[in-house]
Each structure stands twice: as C-alpha cells, then as structure tokens.
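As a plain string of letters, each chain reads:
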Amino acid sequence: MDPGDAARLGPGLAARALPPRLLLLPLLPLLLGRGLRAAASASTGAAADDSSAMEELATEKEAEESHRQDSVSLLTFILLLTLTILTIWLFKHRRVRFLHETGLAMIYGLIVGVILRYGTPATSGHDKSLSCTQEDRAFSTLLVNVSGKFFEYTLKGEISPGKINSVEQNDMLRKVTFDPEVFFNILLPPIIFHAGYSLKKRHFFRNLGSILAYAFLGTAVSCFIIGNLMYGVVKLMKIVGQLSDKFYYTDCLFFGAIISATDPVTVLAIFNELHADVDLYALLFGESVLNDAVAIVLSSSIVAYQPAGLNTHAFDAAAFFKSVGIFLGIFSGSFTMGAVTGVVTALVTKFTKLHCFPLLETALFFLMSWSTFLLAEACGFTGVVAVLFCGITQAHYTYNNLSVESRSRTKQLFEVLHFLAENFIFSYMGLALFTFQKHVFSPVFIIGAFVAIFLGRAAHIYPLSFFLNLGRRHKIGWNFQHMMMFSGLRGAMAFALAIRDTASYARQMMFTTTLLIVFFTVWVIGGGTTPMLSWLNIRVGVDPDQDPPPNNDSFQVLQGDGPDSARGNRTKQESAWLFRLWYSFDHNYLKPILTHSGPPLTTTLPAWCGLLARCLTSPQVYDNQEPLREEDSDFILTEGDLTLTYGGDSTVTANGSPGSHTASTSLEGSRRTKSSSEEVLDRALGIGDQLVSSRGTRLVFPLEDNA
C-alpha cells in the first residue's frame, strides 16, 4: 500500500494497516508493566509456597520432637517404677523395714527431678509477650490471627510479674508435669477401688461404728481445727510481712480438708507384714479409706461456700447450711451411684452366661468398675466415694457370680494397678519438688501446718476414743490410741487434692506445704512404725482370723468335742442390732436376688410372690448342697441367745459356762423346718449331733463375704 492510498483510508484505518512491529510500540509500556507484575506475582507465589512448605516441615519436626519428649518422660517414670520394684525386692530379701516402697519411689523421684532441673539445658522457645490491657479476665482458650492464619492457645496458669523473665523454658520439665486430671481420672480410681474390693469385711464391720466416728466426725473436727489454726498463722504472716498475696479463711478451711485425708500406706504395709493386731489394722485401714472420701466431699463443699453480699469470704449462716446440704447430697448421691453400679454388674453376671467366657467377664467387670468413677464425676458427684462403694458392692455380690478364673484375674488385676498407680504418684511427688514451677515456700506456714496437723489429729483421736469406749465391749486401749495418733500419715489423696488447683498464690503455697508434709510423714513416721509397735507393746504375729483376747465382758471360746472344734468354735463378737437386721435382710433377700448363693427366695418371700421368687432365684441355689462359704464371714450373735448342747452330759453356753442338758432342736430324728441361718450355723460349727437352742431372738449369720 502506498502513502496516497493510506491517506484516503483515513487515520484510523491507516493505523490498522501499519506493520505489526510499529503497532506494538505504543503498547510496549503497558505490556512490560503487566509482565513485570505477573513475574513478581509468580515469584511471590513461589516464595509463599516455599514458606508454607517450610512451616509444614517445621511443624512436623516440632510434632516429632514433642512425641520423642513424651516417650522420654513416660520412659522416665517406667524406669523409676522398675528401679523401685527391684529395690523393694532387695529390702524384702534383707528384711529392711525402716523405709517403705513409697518412700523409695519418692527418693528416686527426687533424684530424677534434680537431674531434670539442673542437668538438662534450657531451651529458648519463649516468644515476646503480647499485652491485652483491654481485657479484665483470662481466657481458657485463645484464638490468635497471625497473617490470616488462626492459632489456638490454651491457658497454662498465672505467672507473677516478678517471674516473667525467669520462666523456665525446658520442654522436658513441661512434659513431666502432668495434668492434674490424669491423677483423678486415671490413677486414683484403681487405688480407691482396690481399697473397697480387698476390704476385710469381717473386721471392718465388727468395728464399723468406731470407723465411721473416726472417718466422719474425726475428719470434720480435724478440718476445722487445722483450718482455724492456719488462719491464725496466716494472720501472723501478714503481721510480719511474709504474706505477699491474698489468703482467705475459706482457703485455710480448704487446706484443713485436703490435709485431713490420711493415707497410712506405710504403716498398714508393715502391719500386714508383721501380722499386727487385726482390730488396730481394721480401725486404721477403715478410717483411711472412708476419710479420703469424706475429705474430698468436704473440700468440694468448702469450695461451694458462697456467702451473699460483697464480702464473699465472710461467714454466712445460710451459705454454711447450704454447704452442709451440698456435702450430704454429694456423699449420698455418690454412694448410691456406686452401689447401683455394683448391683447392675451383679445382675448382669448372674443372668448371663459370661462365666463361660472368663476374658469377657473380667473385661466387663473392669469397665463397669472404672466407669463408676467417671459417671459420678460427669454427674457432678464425687468419683472417689462412688468407686469405693462400688468396690465394696462388687466384692460382696458380683464376686460370687464370677468364674474361678475371673475371681483370680480381677483380684490380681486391681492389685497390680493399685501398686503401680500408687508408686507412680509417689514417684511424681519426688519429681514435682523440683519440676513444679510455681512453688511458694513459706517457713512460717510450713511449721504452722505441722503443728496444726499434730493438734488436729490429737483432738479427734483421743476424745472420740474416750466416747467410743463407753459403748465398746473391747476397749480401744491407750496403746492403740497412741498408734493411731502416730499413724496419721498423708499421702496420695492429699497430694492429688492439692495439685488439682494451683492457680492462685494460696493454692500454690498449700501444694508446696502438702508435698513437704507427705515427705516427712512417709519417711520419718513410716520408718518409725516398727519401733513404735515394740514400744507400745502391740501384738504382732496374730492370725487374721483370731479374735482379741477374751475378757469378762465378751464371749469366750465355745468348747466342743470335734477335731475342728478349736477352729469352728472361735469367739464371735456381738454386733449392733442395726447390722443384725441388715445381715438378715441381706442373707435372706439380697444375696439370693443378686448372686447364686443364699436360701431360695421361695422359702423367704411370701407365698403370693412365688412367681417372682422363682424367676429371681438362680437354679444353682437349688443345686448347691452347701452355700458358698468365704474366709472372712462373721457370725452375729446376741448376748446369751445361743446355747450349744452336745451329746454328752453338759451344755456349753455362749459365755462358756456349763449348764443342764437341754434339747430344743434336734439335727437327727424328727427334723422340723429351720431357718437357713440356723442350718448355716450347723454346717459352720461342724459338730455332728449337737443341739442348738435359740431363745428369744432369731440368729443371723452373714455369709459369703470374700476376702
């Protein structure tokens, strides 16, 4: 195209007719700008991808490192337990009794704690602190937006202003510091359940009135005495300037509640090894089992104390009685839940064929028992109380329905779990003295706590023993009282209650003091148990089935003529009327309903309940020629109501005095219908042609209580 033609086409068409190179010249800056931006965008995208990949890689490495540290921390505790077990064997082999296994576990925990605290380098993962001055409270969970990515953070606790720059950044110390819920939901249930499941009910129920008095009244008295004394100590600390933060009266009462939970595990282990007096063992063991439950419910009631008005820590009568109602409600609800779970398990094992599959039977027993604790906690009750009474119920009813293999397995399973959990807790106590990062050491508070504990223990042992002896046939002697006073050790329960809440200054001081008290009582008092037994002239080497020496106010040993009469005619102490009624109801109705033992319900229920009785009575009851007899069953006698008449010329009564030959019931010849309890008496005593005379009161003999 020539220039003239281009001119005739006009400027617009002329431009379109230009060569392509000329046409691109005006667009070059625009295209270059877009290209540079595209290249920059591609470069930025690649950098972002690289950064994201690096973040993912760093996250994976951090997760792998965290997993490795978790494994190391758990391995540390396993090695501690292994070393403790080997040392226990050495001590038992050498007959060393000045230090118990729990004291060993604490010593090894202390050594490992020192190594972790001072022998491992600190990491530098502490980032700068962010200020949130607009908020007036702390949040349990926090979402932080960092460049469009949201990160979740959880609350670890409060740090005092003076310790912000000295926060330990050792990840291993954080890893070995367990969540307090681990102690309550995993470690405490097997310990408490084993206490109820292995309870020697014969000696426990023989002293039940005294045990309840020590556990309920004694714990309450000890709590208020310790709480008031410690409030005076706190006032003194405030005067001398050693109190740097708030410490209320309710905090002192809370400390009195948690420190009143005794755990004489060392003393009881030595008692069991030396076969010390069975009644003293029953009093100490029963008190420690029940007062753990009382202490945790009492502490919950104190926390729930909320007076009306501005001063939330002043005394308010309405709030006080509300706390008492909460105490009764929580305890009764927890007791009911534990007993109901045990009854349900007994019914399931009775009316199914699970005994044909011992593995499934044991697994169900284990899960039902453990779920009691979690169910009570989920419903707002106390799992410790629930699982304790669940263990007692399981031992009394469900145990009789289990197969031989499951009986052995459940006993051994919970015994092993109890041993491992208890030693784990004591190992962690030693470790926590150096790895816990919020200790508050106050010499005045610690010394005052020791004095208050001593006075609180004395204030409920000696006065209660005096009043109890007014109604006891076998008195609690002064040597028993001194030994009970001496055996007020603190242990796993006090530690678990103290570590559950360490957010405030007061709770941190309580935790540190509780830890030191546990150390002292386990090492010093536990180590002095054997010399104290000797100094107080307390019997050792006693047969667990042997009763206390007779006196003028008690039944004497029944004299018989058979080779087994010395064993079968042991002294049987009188029990309270309430428990005679309970055992009568239990033996005639509950045992046949919940187990395969006891008399058929067709003989104990009214005639109009015949259909129900036949449905609930197990066929094994009719097949059994002799009901199940267990080692720690006890006879409940009423004074002067039993006369044993032999084929000879004399009659031996319950108090051992001879009498004339009388025969009111004959076991041979014309046999008339007798109650199942009387038939049990005949079989238990094992005397061929003896005659039994029951005067005035029906005799009740509790059976089938497992060891």
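Attention in this report is confined to the structure presented alongside it. In this text the structure is predicted, and so the values were computed from the model without any measurement.

Overview of the overall build of the protein
Thinking step 1. A tally of regular secondary structure across the protein gives 27 helices and six strands.
Thinking step 2. Here the protein holds 707 residues, and the buried ones make up 47% of them.
Thinking step 3. Counting only contacts in the protein whose residues sit at least 6 apart along the sequence, the fraction spanning at least 24 positions is 78%.
Thinking step 4. A total of about 35900 Å² of accessible surface is found on the protein, and carbon and sulfur atoms cover 64% of it.

Comments concerning the nonpolar core
Thinking step 1. Counting residues in hydrophobic clusters, the biggest one holds 126 residues, and the most contacted among them are M230, F247, F255, M483 and F495.
Thinking step 2. Among the elements that take part in this core, helix α12 (residues 278–303) stands out by supplying 13 residues, more than any other.

Section: the pairing of strand β1 (residues 141–146)
Working note: regular strand, side chains alternate between the two faces of the sheet.
Thinking step 1. With six bridges joining them, β1 and strand β2 (residues 149–154) adopt antiparallel strand pairing. From the neighbouring strand, V144 faces β2, where its bridge partner is F151.

A word on the packing of aromatic side chains
Thinking step 1. By the definition in use, this model includes 33 aromatic pairs.
Thinking step 2. Note on F320 and F321: the rings are 5.4 Å apart at their centroids and 75° apart in plane angle, and the pair reads as edge-to-face.
Thinking step 3. What makes F321 exposed here is its relative accessible area of 59%.
Thinking step 4. Aromatic side chains F519 and W523 sit 5.2 Å apart centroid to centroid with 10° between the ring planes, which places their arrangement in the stacked category. Highlighted residues: F519 and W523, both in helix α20 (residues 505–527), separated by four residues, approximately one helical turn.
Thinking step 5. Residue class for F519 comes out buried when judged on its relative accessible area of 5%.
Thinking step 6. We classify W523 as partly exposed; its relative accessible area is 28%.
Thinking step 7. An aromatic cluster is defined as three or more aromatic residues linked by ring pairs; in this entry it consists of F77, F183, F424, Y428, F436, F495 and F511.
Thinking step 8. One cation-aromatic arrangement involves K411 over Y197; the distance from NZ or CZ to the ring centre is 5.0 Å.
Thinking step 9. The side chain of R507 reaches across the aromatic face of F254, ending 4.0 Å from its centre.

Describing the environment of F178
Thinking step 1. By the element assignment, F178 lies in the loop between α6 (171–175) and α7 (180–197).
Thinking step 2. Discounting chain neighbours no more than four positions away, the residues touching F178 are L74, F77, F183, F424 and Y428.

Here's the deal with the pattern of salt bridges
It is possible for side chains bearing opposite charge to pair when their charged atoms get close.
Thinking step 1. In total, this model carries six salt bridges according to the counting rule given.
Thinking step 2. Taking the shortest distance from any N to any O, the salt bridge between R500 and E181 comes out at 3.7 Å. A residue pair is termed long-range when its members are at least 10 positions apart, and R500 in the loop between α19 (492–499) and α20 and E181 in helix α7 qualify at 319 residues.
Thinking step 3. Its relative accessible area of 33% is what places E181 among the partly exposed residues.
Thinking step 4. A salt bridge links E377 to R500, with the nearest nitrogen and oxygen atoms 3.8 Å apart. Linking E377 in helix α14 (residues 358–378) with R500 in the loop between α19 and α20, this pair joins segments that are 123 residues apart in sequence.

Cut-offs and rules
Residue positions are counted from 1 within each chain, in the order its sequence is given. Two thresholds apply to this predicted model, a pLDDT of at least 70 for residue-level local features and 80 or more for giving and counting side-chain atom pairs, whereas whole-chain, interface and lining totals are computed over all residues. The basis for the side-chain values is all heavy atoms of the structure; hydrogens and waters are excluded. Note on conventions: DSSP H or I runs of at least 4 residues are helices, E runs of at least 2 residues are strands, and numbering of each starts at the N terminus. For every residue, the accessible area obtained with a 1.4 Å probe (protein chains only) is divided by the maximum for its type, and the residue is called buried under 20%, exposed over 50%, and partly exposed between those limits. Whether two residues are in contact is decided by their heavy atoms: any pair within 4.5 Å suffices. Note on areas: Shrake-Rupley, 1.4 Å probe, and residue coverage restricted to the protein chains presented here. Nine residue types can take part in a nonpolar core, namely buried Ala, Val, Leu, Ile, Met, Phe, Trp, Tyr and Cys, and a core is a set of them joined through side-chain atoms within 4.5 Å. Strand pairing is assigned whenever DSSP identifies at least 2 bridges connecting the two strands. Between rings of Phe, Tyr and Trp, where Trp is taken as its six-membered ring, a pair exists when centres lie within 6.5 Å; planes separated by under 30 degrees are stacked, by over 60 edge-to-face, and by other angles tilted. Lysine NZ or arginine CZ positioned within 6 Å of the ring centre and within 35 degrees of the ring normal marks a charge as sitting over the ring. Within this document, salt bridges are pairs made up of a side-chain nitrogen of Lys or Arg and a carboxyl oxygen of Asp or Glu, the two lying within 4 Å of each other.

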